Amino acid sequence: YLWKNFRNPKGGNLQVKSDGRRVAVRGNPSHWGRENNHIGVGIDRAKKIYNEFLQELGLPEFTTGYYGSAQNTRFDVCVNIETGSPEAKRAFLLRQQLQEKPRMLKSIYGTTTYYAKGGRTRQIRVYDKAEEYGTKKSHNPALLEQAENNGLVRIEFQIHRPWMHYREMQEWGDLNSQ
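Below is a short write-up of the structure. Given the structure is predicted, the values throughout are model-derived calculations rather than measurements.

So, on to the sheet that holds strand β7 (residues 106-109). Pairing is antiparallel across the open sheet formed by 5 strands, whose spatial order is β6-β10-β9-β8-β7. Looking along the sheet, the strands with just one partner apiece sit at the ends: β6 (74-82) and β7. Strand-to-strand twist across the sheet, computed as the mean angle between neighbouring axes with direction ignored, equals 15°. By the bridge criterion, 3 bridges tie strand β8 (residues 112-115) to strand β9 (residues 122-128) in an arrangement that is antiparallel. The partner of Y115 across the bridge, within β9, is I124.

Here you go:
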């Protein structure tokens, strides 16, 4: 079964596929219905966005119940850090390039540092958010200026199924804002 793409006119897109028994959704709930994902949403709100989207399509919501819970296969967490200035941002990004993480191979592309890029269990990406905004055709100039002036750095943690299983986070009900 192929992924079907749904674009929200206010911003963002989500993809869904189903074989009649299983439903899968992917996409950034923090961007759904918003111009950008500069400030994300919490886990509880993200789950609600997914369930509202599924409900609009007439598909069953993700729940925790007697017959089991929806399974998480990947989970992304982002943290924005305002370093205070473009100079402080550059220093922060350079420090990241010098750090090592146990059992996570480091890759550097320009000012972006990856740990375990393409890893099976998890990946970390540290990058200049203003630089990313500047490469997008639909960027908001005021947001780009704010990100640059405040020295905005984003750290993205991508967690995959094996790591979630090891940490007992694979069930939909296991994820909450606590």
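Attention now goes to the packing of aromatic side chains. Given two aromatic rings, their pairing is described by the distance between the two centres and the angle made by the two planes. According to the stated counting rule, one finds 3 aromatic pairs in the structure shown. With 5.5 Å between their ring centres and 75° between their planes, F6 and F53 make a pair best called edge-to-face. On the criterion of sequence distance, the pair formed by F6 in strand β1 (residues 4-7) and F53 in helix α1 (residues 43-56) is long-range, its members being 47 residues apart. According to the relative accessible area criterion, F53 is buried, its value standing at 4%. Taking the centre distance of 5.3 Å and the plane angle of 70° together, the rings of W32 and F53 count as edge-to-face. In this pair, W32 is assigned in the loop between β3 (23-27) and α1 and F53 in helix α1, connecting sequence segments 21 residues apart. One aromatic cluster in this structure is built from F6, W32 and F53. Between the NZ or CZ atom of R26 and the centre of the ring of W3, over which it lies, the distance is 4.0 Å.

There is a patch of nonpolar side chains on the surface, built from V77, V79 and F157 and spanning about 190 Å² of accessible area. As for its position among the elements, V79 is in strand β6.

As a further point, take the sheet that holds β3. Pairing is antiparallel across the open sheet formed by 3 strands, whose spatial order is β1-β2-β3. Whereas interior strands pair on both sides, the edge strands pair on one side only; in this sheet they are β1 and β3. Along the sheet, successive strands turn relative to each other by an average axial angle of 25°, direction set aside. In terms of strand pairing, strand β2 (residues 13-18) meets β3 through 5 bridges, oriented antiparallel. Residue pairing for β3: Q15 is matched across the bridge by R26.

Definitions and cut-offs
- Residues numbered from 1 in each chain as written.
- Predicted model: local features only at pLDDT ≥ 70, side-chain atom pairs only at ≥ 80, totals over all residues.
- Heavy atoms only, no water.
- Pairing = 2+ DSSP bridges.
- Helix = DSSP H or I, 4+ residues; strand = E, 2+ residues; numbered from the N terminus.
- Axes fitted to C-alpha atoms, helices over the stretch in contact; angles between N-to-C directions.
- Phe/Tyr/Trp six-rings, centres within 6.5 Å; stacked < 30°, edge-to-face > 60°.
- Buried < 20%, exposed > 50% of the residue type's maximum accessible area, 1.4 Å probe, protein only.
- Lys NZ or Arg CZ within 6 Å of the ring centre and 35° of its normal.
- Patch = residues over 30% accessible without salt bridge, like charges linked within 9 Å, V, L, I, M, F, W, Y side chains within 5 Å.
- Areas by Shrake-Rupley, 256 points an atom, 1.4 Å probe, with all protein chains shown as cover.
- Salt bridge = Lys/Arg side-chain N within 4 Å of Asp/Glu carboxyl O.

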